[in-house]
Each structure stands twice: as structure tokens, then as C-alpha cells.
Amino acid sequence: MTQPALDFVIAALERIRQKDSRAPRASRTALALLQAVPAATAAPIVLRAAYTTSVDAVESAVPSGDPGAPDKADLLAAVRERVGACTKCAHLACSRTQTVFGVGNPDADLMFIGEAPGADEDREGEPFVGRAGQLLTRILKAMNFAREDVYIANILKCRPDMPAGSFGNRPPTPTEMQTCRPYLMEQIEIIQPSVLVALGAVAVEGLLGTRGTMRELRGRWHTYNSIPLMITYHPAYLLRNQAPSEKRKVWEDMLQVLERLEQPISDRQRNYFL
Ligand code: SF4
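Since we're looking at a predicted model, the values are computed, not measured. (Residues numbered from 1 in each chain as written. Predicted model: local features only at pLDDT ≥ 70, side-chain atom pairs only at ≥ 80, totals over all residues. Heavy atoms only, no water.)

Trainee: Is there a simple way to think about the overall build of the protein chain in this case?
Mentor: Broken down by element type, the protein chain carries 14 helices and six strands. Counting the 274 residues in the protein chain, one finds 46% classified as buried. Long-range contacts, defined as pairs at least 24 residues apart, comprise 71% of the intrachain contacts of the protein chain with a sequence gap of at least 6. For the protein chain, the accessible area works out to roughly 14,000 Å², and carbon and sulfur atoms hold 51% of it. (Helix = DSSP H or I, 4+ residues; strand = E, 2+ residues; numbered from the N terminus. Buried < 20%, exposed > 50% of the residue type's maximum accessible area, 1.4 Å probe, protein only. Contact = heavy atoms within 4.5 Å. Areas by Shrake-Rupley, 256 points an atom, 1.4 Å probe, with all protein chains shown as cover.)

This is the structure we're talking about:
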């Protein structure tokens, strides 16, 4: 942004601060978007952004097809960098091998949300790479998607720590999820998927802040910030319970997702696990 434009914006924000009881504010994502907007259009956008924490107002103010429109991959990279240095949960920052940010297409229509990295993900730095992750990849393939087509992230970006000498993984605590949740919110805000899928009750609790049984929650549409949200079982549940009836439940949820995305569905796909 040029200096005259910046001066104009600062003066306008100052006037807002003096006149209005609501302090001007903008999310980090909105500010990152503004930095990438050409100077000629930046000032009015800043004024609008001053009253919102949503990226929507900023995006709607940027003319579509604007060559200066920011790249979602760049915006995600900026969040990834902050996550990589995050020590908000001191105990997890000490115990993690690395943070596990997310993987996939920044322009994805479909985004999957799990709970937290396990030992495999902590080692690899990528979500859903263990046995449960391999099953998720197979489910995606059955939907005619590759991992690269969708975006996959967890509520928690660090592996929940385990007592020394013990094996396995533990679910994240409500406090840990609440602490890390803003990063996921930023990821969703940047990607703006058409459909979200939450995998398991812990992911639902982290995302919506509500507890419930999967029996109550799965198989029907919910919303998160106006984005359609499907809730289904975590793939790890299907590894523990291999009954075709349970696999069919997850598959029926994915068929609903495909319908919502207006993807073609073959008869073969409709008949899986029947
Ligand atoms: S879990 Fe999230 S909030 Fe906690 S230290 Fe890791 S990145 Fe930071």
C-alpha cells in the first residue's frame, strides 16, 4: 500500500475510534489479504475490514479475477509458519517432534477435519498417514478423489503427549482443543470449502464445542459458519469395528457429501457395502 493510501486509512480508522464505541478490528487473515491487494483498492477495503473479523467482507470487496488477489497457498503458508513456532501449550510444544499443520489443495471444495496427530503423524509431519489415514485415503479413492484434491487438517496441530514409556495415542483435552482451534478456523476461513466433514465425536467437539454421541450426530447435515458440515465416524472406528453395516454408514455419509458437491455417483458407488 502506498504512503498516501496508508495515511488515509490510518486517519479514517482514527476517526472511527474516536466516534464509535466499537474498536476497529480485523483478523490476521483479513490483514494478510489486505497486504496483497493493490494500493488503488486497498483503502476502501481496509475501512470495511475494520468492522469485521471475517475474511468475507474483504474478499467481497476485491474485484473478482483481480490479479492482485492473494494466493490461498501463501495465506496458509503464513499460518503454517505461526503454527510451527507455537508454544501456547507448553507441554505439547516440548513433547512434539513437529507440528502437523494440514495437507492438500488450498482451493479444495471438500475439507476433512480430524482430532489430533498420532505417533505416525507426529513423525511424518502430515495428518492421517497411519492406518486410519490409509483407510481415509481409500475412502477418498472410492469417492473418486485423491488426497491432493481435498484438504485434510486436525483440530490440534501437536500430538497429545503421553506419559513416559507408554504407547498409543490419547485424545486431546477440551482446553488443548480450545487453545489450538483458532488455527483451524483460519485454515477454514482461507480455504472456504463448499463442504466440511468432521471425523469422529472429538473433532465435532473441537469444531462446534458441543458433545454428542455419533449415533445422534452422524448422517445428517450440520453447519459451521454457514458451511455445510457432515459428521461421520473416524476411520479409526472402522478399523476397530469392521462390520459391513458400520462401513456402509460412513459410505452413506460420503454419498451425501458427493451429492452436495454435485459429483456424479455411479451405481457401483451407490451399492458399496450393501
Ligand atoms: S497444540 Fe496448537 S496451540 Fe497448542 S502448542 Fe501445538 S500448535 Fe500451539
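There's more to say after this.
Trainee: Just checking my understanding: could you explain helix H8 (residues 131–142) for this structure?
Mentor: Structural remark: α-helix, 3.6 residues per turn; residues separated by three or four positions point the same way. Between the first and last C-alpha of H8 there are 17 Å, a value that for twelve residues agrees with the 16 Å anticipated at 1.5 Å per step. Against the buried residues of H8 lie strand E2 (110–114), strand E3 (151–154), strand E4 (195–199), helix H12 (235–240), helix H13 (244–260) and helix H14 (267–270). (Expected span 1.5 Å × (residues − 1).)

Trainee: Can you help me understand the packing of helix H5 (residues 72–84) against helix H9 (residues 174–191) in this one?
Mentor: Angle between the axes and distance between the axes are the two parameters that describe a pair of packed helices. Interaxial distance between H5 and H9 falls to 10 Å at its minimum, and their mutual angle equals 175°. The angle between H5 and H9 places the two elements in the roughly antiparallel class. On H9, the residues that touch Lys 72, Leu 75, Leu 76, Val 79, Arg 82 and Val 83 of H5 are Tyr 183, Glu 186, Gln 187, Ile 190 and Ile 191. Its residues placed into classes, the contact of H5 with H9 shows seven nonpolar, one polar and three charged. (Axes fitted to C-alpha atoms, helices over the stretch in contact; angles between N-to-C directions. Parallel < 35°, antiparallel > 145°, perpendicular 65-115°, else oblique. Nonpolar A, V, L, I, M, F, W, Y, C, P; charged D, E, K, R; others polar.)

Trainee: Is there a simple way to explain the sheet that holds strand E5 (residues 221–224) in this structure?
Mentor: Consider a sheet: its strands pair through backbone hydrogen bonds, and that pairing is either parallel or antiparallel. As summarised here, the arrangement of the six strands in space is E1-E3-E2-E4-E6-E5, forming an open sheet in which the pairing is mixed. Each edge of the open sheet carries a strand with a single partner, namely strand E1 (103–104) and E5. Taken together, the four bridges between E4 and strand E6 (residues 227–232) define a ladder with parallel strand orientation. Each residue of the ladder has a partner; that of Leu 196, found in E6, is Leu 229. H13 contacts E2, E4, E5 and E6 of the sheet and is inclined by roughly 165° relative to E6. (Pairing = 2+ DSSP bridges.)

Trainee: Just to check I follow, could you spell out the nonpolar core for this structure?
Mentor: A general trend in soluble globular proteins is that nonpolar side chains are found buried together. Judged by nonpolar contacts, the single largest core of 62 residues is most densely connected at Leu 110, Phe 112 and Met 143. Looking at this core element by element, the count peaks at seven residues for H9. Among all residues touching Leu 110, those that are not within four sequence positions of it are Met 143, Phe 145, Val 150, Tyr 151, Pro 193, Val 195, Val 197, Val 257 and Leu 261. (Core = buried A, V, L, I, M, F, W, Y, C linked by side-chain atoms within 4.5 Å.)

Trainee: What exactly am I supposed to notice about the packing of aromatic side chains here?
Mentor: The relative placement of two aromatic rings is captured by the distance of their centres and the angle of their planes. Per the counting criterion, the structure on display carries three aromatic pairs. Measuring from ring centre to ring centre gives 4.2 Å for Tyr 233 and Tyr 237, while their planes differ by 20°; the resulting arrangement is stacked. On the numbers, 6.0 Å between centres and 45° between planes, the contact of Tyr 272 with Phe 273 is tilted. Its relative accessible area of 41% is what places Phe 273 among the partly exposed residues. Taken together, Trp 251, Tyr 272 and Phe 273 form an aromatic cluster joined through their ring pairs. Between the NZ or CZ atom of Lys 157 and the centre of the ring of Phe 101, over which it lies, the distance is 6.0 Å. (Phe/Tyr/Trp six-rings, centres within 6.5 Å; stacked < 30°, edge-to-face > 60°. Lys NZ or Arg CZ within 6 Å of the ring centre and 35° of its normal.)

Trainee: How should I be thinking about the pattern of salt bridges in this particular structure?
Mentor: Between side chains of opposite charge, pairing is possible as soon as their charged atoms come close. If you walk through the whole model with that rule in mind, you get eleven salt bridges. Put simply, Lys 249 and Glu 246 hold a salt bridge, and the shortest N to O gap is 2.9 Å. Of the two residues, Lys 249 and Glu 246 both sit in helix H13, three residues apart, roughly one turn of that helix. A relative accessible area of 28% means that Lys 249 is categorised as partly exposed. For Glu 259, the salt bridge identified is with Arg 270, shortest N-O distance 3.2 Å. Linking Glu 259 in helix H13 with Arg 270 in helix H14, this pair joins segments that are eleven residues apart in sequence. (Salt bridge = Lys/Arg side-chain N within 4 Å of Asp/Glu carboxyl O.)

Trainee: Any chance you could explain the pairing of E6 here in plain terms?
Mentor: Look at any regular strand and the pattern is simple: side chains alternate between the two faces of the sheet. Summarising burial for E6: six of the six residues are buried, a large majority. Residues Ile 227, Leu 229 and Ile 231 point to one face of E6 and Pro 228, Met 230 and Thr 232 to the other, with burial holding for every one of them. With four bridges joining them, E5 and E6 adopt antiparallel strand pairing. Among the inter-strand pairings, His 222 is bridged to a residue of E6, identified as Leu 229. Taken together, E5 and the strand that follows it, E6, pair antiparallel across an intervening segment of two residues, in which Asn 225 is found at a positive phi of about 50°.

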